[in-house]
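Chain by chain, the residues:
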Amino acid sequence: MCKKRAYINATIINGDKLVPIIEKGFILVNEDGEIFKTGSMDQLNLPEGYEVEDLNGKYIMPGLINTHLHIFYDGSPRKEMVGEEMDKYIKMLHTEEGEKYLLGVAKNCIDTLVNSGVTAIRDVGSVYNHDIIMRNEIKSGKRVGPHVVASGSLIVPTAGHGNYFPTMHIADGPWEGRKAVRTNYARGVDWIKICSTGGVSDARYIGEAGKPHYTFEEIEAICDEAHRRNLMVATHCQSTKGMREALLAGVDSIEHGGAIEDDMISLFLDNPKSLRGYTALCPTISAPDALIKSQAKFTSSKENAIVFENCKIIAEGCKSGLLTAIKHGIPVCVGTDAAVPYVSQYNTYKELIYINDACETLSEIDVIQIATKDSAEIIGLGKITGTLDEGKSADFIVLDGNPAKDLNVLKNPLHVIAQGNFIKTPLINRIKEIEDIF
Ligand SMILES: [Zn+2]
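Residues numbered from 1 in each chain as written. Predicted model: local features only at pLDDT ≥ 70, side-chain atom pairs only at ≥ 80, totals over all residues. Heavy atoms only, no water.

> Help me understand the overall build of the protein, please; the structure alone is not making it clear to me.
Across its full length, the protein holds twelve helices and 16 strands. In terms of overall dimensions, the protein has C-alpha extents of about 65 × 45 × 45 Å along its principal axes. Counting over 438 residues, the protein shows a buried share of 61%. Taking all contacts inside the protein whose residues are at least 6 apart in sequence as the whole, residues at least 24 apart take part in 71%. With the model as given, the accessible surface of the protein reaches about 17,400 Å², and the carbon-plus-sulfur share is 50%. With 46 positive and 59 negative side-chain charges, the protein shows a separation of 3 Å between the mean positions of the two kinds. (Helix = DSSP H or I, 4+ residues; strand = E, 2+ residues; numbered from the N terminus. Buried < 20%, exposed > 50% of the residue type's maximum accessible area, 1.4 Å probe, protein only. Contact = heavy atoms within 4.5 Å. Areas by Shrake-Rupley, 256 points an atom, 1.4 Å probe, with all protein chains shown as cover. Lys, Arg positive; Asp, Glu negative; His and termini not counted. Charge placed at Lys NZ, Arg CZ, Asp CG, Glu CD.)

As structure tokens, then:
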């Protein structure tokens, strides 16, 4: 149950760019945390029992949606990506104490996200089912937070990307893949996340990030099994070759991506083996960008040097994929890969700026739609959030300046409204070493 509130005298950006901006408007939020009525001030007929928040000409837009992150780490800087210190840390995570510690981390991440104006997330790889636990607590009203779309434990091949985290499914061959999907389904996930290619953080040689690890038949079996349960499949996939195989096998979203060749464009747009008939791209420019910018801060071991060489290759691929996707109307969503060192849980807005800077043809309002309406639809929340339409969940942020003119105003939302819960003074504990770099 929420307090009924009337947010009045604000400029309202809907999230759907085809809906005209309301210059002087209002939003009524009912006790179920939904948008009961919205319109221009001259249409306002204030029902009884509503507390009024006069916003004095401030801006309202939907909360941001971050479709690629992990709530098992806050993105704090580390001295190394691979090596002894990392091994010790990973070992600790596998203990009972580690599980407790990680639950605390998950709660903090959720708190940071919502205070930074993020009102829906897709966790693409969690530990100990913490994304499912957070989702359920938020749904039941026990905790204020974003809508959580949970993928539960990653499904990866032996020695695949991310295999060392606790509770991962190490699944080789079509049948182990199917079993892992069924297990995650039983646990209550909303999506399936696999790592079909190598990744930056644990590659052992230059070029391994992006190398196809899962075979076509393994990906195909996982997609088929997931689709039987009405679950979509996201894959960590960082090369052209890996993307082509994943598209043909029927994945529903490609994470990070790489250069998209001509024959792949039509497969994204019309993919008969995907659950909904298309495949989306989540380019996560923030992650390689942050690692490259922070490179000097890492120890200069041979292993870490490999990480950064791979990072440069991947950064190019992500941007190239994004440009082709935008040019050809491939659905794109916003994700940062928060949890990667130097990618905090509070800098989602930076991904919007990267997308805006990379794509000349996109205006700020186009990017806002990508981060709200489009991202909601891609992760399967389009019916309940992403735009400020009547009947939808009241998920919005109040801003000092006009985000359609300058996306930097998203850095410090004045207020956040998440599923109707009013966060009057959002608080973010910023991480100093990250602030120093950006
Ligand atoms: Zn990730």
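On we go.
> Explain the packing of aromatic side chains to me, please; I cannot follow it from the model alone.
Two measures describe an aromatic ring pair: the distance that separates the ring centres and the angle between the ring planes. Enumeration according to the criterion identifies five aromatic pairs in this entry. Considering the side-chain rings of Tyr73 and Tyr89, the 6.2 Å spacing of their centres and the 65 degrees angle between planes classify their relative orientation as edge-to-face. Residue Tyr73 is found in the loop between strand S5 (64-69) and helix H1 (84-93), and its partner Tyr89 is found in helix H1; the two are separated by 16 residues along the sequence. Take Tyr73 and Tyr89: they sit in the same class, and that class is buried. An aromatic cluster of at least three residues, connected via ring pairs, comprises Tyr7, Phe396 and Phe422. Between the NZ or CZ atom of Lys37 and the centre of the ring of Phe36, over which it lies, the distance is 5.4 Å. Sitting above the plane of the Tyr89 ring, Arg78 keeps its charged end 4.2 Å from the centroid. (Phe/Tyr/Trp six-rings, centres within 6.5 Å; stacked < 30°, edge-to-face > 60°. Lys NZ or Arg CZ within 6 Å of the ring centre and 35° of its normal.)

> I'm lost on the state of the cysteines in this one. Help?
Note on terminology: disulfide describes a covalent bond linking the sulfur atoms of two cysteines. Going through the model one piece at a time under the given rule, you end up with zero disulfides. Free of any disulfide, Cys282 has its nearest cysteine sulfur in Cys333, 4.0 Å distant. Taking the relative accessible area as the measure of exposure, Cys282 reaches 0% and is therefore buried. There is no disulfide at Cys318, and the cysteine sulfur nearest it, in Cys311, is 8.8 Å away. (Disulfide = S-S within 2.5 Å.)

> Help me understand empty space enclosed by the protein in this model?
Rolled over the atoms, a probe with the dimensions of a water molecule shows which regions are left empty. Applying the stated rule across the entire model yields two cavities of 30 Å³ or more. The computed volume of the largest cavity comes to approximately 500 Å³. Surrounding the largest cavity, 31 residues form its lining, His70, His161, Ser201, Asp337 and Val340 being those nearest its centre. Looking at the lining of the largest cavity, the elements that each hand over two or more residues are H1, strand S10 (191-195), helix H8 (286-293) and helix H9 (302-328). (1 Å grid on protein atoms, 1.4 Å probe; cavity = no way out; pocket = protein on both sides within 12 Å on 5 of 7 lines; lining within 4 Å. Points joined across faces, edges and corners; volume = space filled by probe spheres on them.)

> Would you mind going over helix H6 (residues 240-249) with me for this structure?
Each α-helix winds once per 3.6 residues, and so residues spaced three or four apart point in a common direction. Within H6 the residues assigned to the buried category are Thr240, Gly242, Met243, Ala246, Leu247 and Ala249. Where H6 is buried, its residues meet helix H5 (216-228), strand S11 (232-237), strand S12 (253-256), helix H7 (262-269) and strand S13 (280-282). At the C-terminal side of H6, Gly250 shows a positive phi close to 105 degrees.

> Would you take a moment to explain the sheet that holds S5 for this structure?
Within a sheet, neighbouring strands are paired by backbone hydrogen bonds and run either parallel or antiparallel to one another. Taken in spatial order, the three strands line up as S5-S6-S7 in an open sheet, and their pairing is parallel. Lying at the two open borders of the sheet, with one neighbouring strand each, are S5 and strand S7 (147-150). Taken over all neighbouring pairs, the strand axes of this sheet differ in orientation by 15 degrees on average, direction set aside. The pairing of S5 with strand S6 (residues 118-123) spans four bridges and is parallel. Across the sheet, the residue bridging to Ile65 is Ala120, located in S6. Across the sheet, helix H3 (residues 130-139) is in contact with S6 and S7; its angle to S7 comes to roughly 150 degrees. (Pairing = 2+ DSSP bridges. Axes fitted to C-alpha atoms, helices over the stretch in contact; angles between N-to-C directions.)

> Which parts of the structure should I look at to understand unusual backbone geometry?
Of all residues except glycine, most have a negative phi; of all peptide bonds, most are trans. One non-glycine residue, Tyr128, lies in positive phi territory at about 50 degrees. Within the secondary structure, Tyr128 sits in the loop between S6 and H3. Judged by its relative accessible area of 14%, Tyr128 falls in the buried class.

> Got a minute to help me understand the sheet that holds strand S1 (residues 5-12) in this structure?
Ordered by their spatial adjacency, seven strands build an open sheet running S3-S2-S1-S4-S14-S15-S16, and the pairing between neighbours is mixed. Each edge of the open sheet is held by one strand with a lone partner, namely strand S3 (35-40) and strand S16 (421-423). The average angle at which neighbouring strand axes cross in this sheet is 30 degrees, direction not considered.

> Looking at this model, I keep getting lost on the side chain of His236. Mind explaining?
Locating His236 in the fold gives a position in strand S11. Polar side-chain contacts of His236 include one of 3.2 Å to the side chain of Gln238. Aside from chain neighbours lying at most four places away, what touches His236 is His161, Lys193, Ile194, Cys195, Ser196, Thr197, Gly198, Gly199, Glu255 and His256. (Polar contact = N/O pair within 3.5 Å; in protein donor to acceptor, adjacent residues only side chain to side chain.)

> Teacher, can you tell me more about the nonpolar core here?
Inside soluble globular proteins, nonpolar side chains tend to come together where they are buried. Core analysis: the largest hydrophobic core is formed by 90 residues, its most contacted members being Ile71, Ile155, Ile192, Ile254, Ile260 and Leu410. Looking at this core, the element that brings in the most residues is H9, giving eight residues. Each of domain 1 (5-62 + 386-423) and domain 2 (64-378) contributes no fewer than three residues to this core. Those residues within four positions of Ile254 in sequence are excluded, and the remaining contacts are Thr235, Cys237, Met243, Ala246, Leu247, Phe268, Thr279, Ala280, Leu281 and Cys282. Among the nonpolar cores identified, the runner-up in size contains 15 residues, and Tyr73, Met86, Val127 and Met168 belong to it. (Core = buried A, V, L, I, M, F, W, Y, C linked by side-chain atoms within 4.5 Å. Domains from an automatic or database assignment.)

> Got a minute to help me understand the packing of H1 against helix H2 (residues 96-115) in this structure?
Packed helices, taken two at a time, are described by the angle their axes make and the gap between the axes. Two elements in contact, H1 and H2, have axes separated by 6 Å at closest approach and are oriented at 95 degrees. What the angle tells us is that H1 and H2 run roughly perpendicular. When H1 is examined against H2, the residues Tyr89, Met92 and Leu93 are found in contact with a partner set consisting of Gly98, Glu99, Tyr101 and Leu102. Across the contact of H1 with H2, the residue classes break down as five nonpolar, one polar and one charged. (Parallel < 35°, antiparallel > 145°, perpendicular 65-115°, else oblique. Nonpolar A, V, L, I, M, F, W, Y, C, P; charged D, E, K, R; others polar.)

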